[in-house]
Amino acid sequence: DDYFVAFPILKKYGMVGTFFVPSGYIDNYSFSLTWEMIKEMSDAGMEFGGHTITHPILTRDNAAQIWREVSVSKAALEEHLGKPLVAFAYPFGVYNQVVIDSLAQAGYDAAVTVNYGLEQNAADIYLLRRVNLPYWESLGAFIARLEK
């Protein structure tokens, strides 16, 4: 969906999307993005963020495993894209202080949760909230949620 649906629509309307991709999935599954797709999207102005190597529940891992997941995936994407990654999305929305500390140490400037919210707090840059748009929800229902 990222490449074949979202990317063409974003380009058509001159918009930028941010895509969070587990680096270990790239080129490895029939449903995943390829490095060529990611490079094309990036060159067209799309942004990419970190999402680990294997998409684990990070709070179940030890500090060394967490560090590997966040730092190795970041390095792989930065190497292929030739630009820094600044944001991270927590797999399954799960995080704790060890995970947050690892992100900061790896050089991420921010991280997004699955927690709902339109307003952000500058003190919680690693706990940014988002607004989910489920596949089954109409555009009108989504707009109504944003207007609340």
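See the structure printed just above.
Keep in mind the model is a prediction, meaning the values are calculated, not measured.

**Q** Sorry if this is basic, but what is going on with the overall build of the protein here?
**A** A count of helical and extended segments in the protein gives five helices and five strands. Going from N to C terminus, the protein has its helices and strands arranged as α-β-α-β-α-β-α-β-β-α. Against the 2.2 N^0.38 benchmark of 15 Å for 148 residues, the protein shows a C-alpha radius of gyration of 16 Å, consistent with a compact globule. Structurally, the protein occupies a C-alpha span of about 45 × 35 × 25 Å along its principal axes. Residue burial in the protein is summarised as follows: out of 148 residues, 39% are buried.

**Q** Explanation requested: the pairing of strand 4 (residues 110-116) in the structure shown.
**A** The two faces of the sheet receive side chains in turn, since in a regular strand these alternate between them. Pairing geometry for strand 3 (residues 87-89) and strand 4, over three bridges, is parallel. Its bridge partner being in strand 4, F88 is matched across the sheet by A111. Chirality of the crossover, the property in question, places the unit of strand 3, helix 4 (residues 97-106) and strand 4 among those that are right-handed. As defined by bridge partners, strand 4 adjoins strand 5 (residues 128-130) across two bridges and the pair is classed as parallel. Bridging across to strand 5, Y116 finds its partner in R130.

**Q** Just checking my understanding: could you explain unusual backbone geometry for this structure?
**A** It is generally the case that most residues other than glycine have a negative phi and that most peptide bonds are trans. Phi is positive for T52, which is not a glycine, with a value near 75 degrees. Turning to its location among the elements, T52 is positioned in the loop between strand 2 (47-50) and helix 3 (63-81). Even without being a glycine, H55 presents a positive backbone phi close to 60 degrees. Counting through the fold element by element, H55 comes out in the loop between strand 2 and helix 3.

**Q** Would you take a moment to explain the environment of I38 for this structure?
**A** Along the chain, the position of I38 falls in helix 2 (residues 35-43). Sequence separation between I38 and Y13 is 25 residues, and the spatial gap between their C-alpha atoms is 19 Å. Setting aside residues no more than four positions away along its own chain, I38 makes contact with V21, I26, L33, F48 and L81.

**Q** Sorry if this is basic, but what is going on with the environment of A111 here?
**A** Its place among the elements puts A111 in strand 4. For A111, a relative accessible area of 0% puts it in the buried group. Taking the C-alpha atoms as reference points, A111 and G14, 97 residues apart in sequence, are found 25 Å from one another. When residues no more than four places from it in sequence are discounted, the contact partners of A111 are F88, Y90, L103, I125, Y126, L127 and L128.

Thresholds applied
Residues numbered from 1 in each chain as written. Predicted model: local features only at pLDDT ≥ 70, side-chain atom pairs only at ≥ 80, totals over all residues. Heavy atoms only, no water. Helix = DSSP H or I, 4+ residues; strand = E, 2+ residues; numbered from the N terminus. Rg over C-alpha atoms; globule rule 2.2 N^0.38 Å. Buried < 20%, exposed > 50% of the residue type's maximum accessible area, 1.4 Å probe, protein only. Pairing = 2+ DSSP bridges. Right-handed = clockwise from strand over helix to strand, strands pointing away. Contact = heavy atoms within 4.5 Å.

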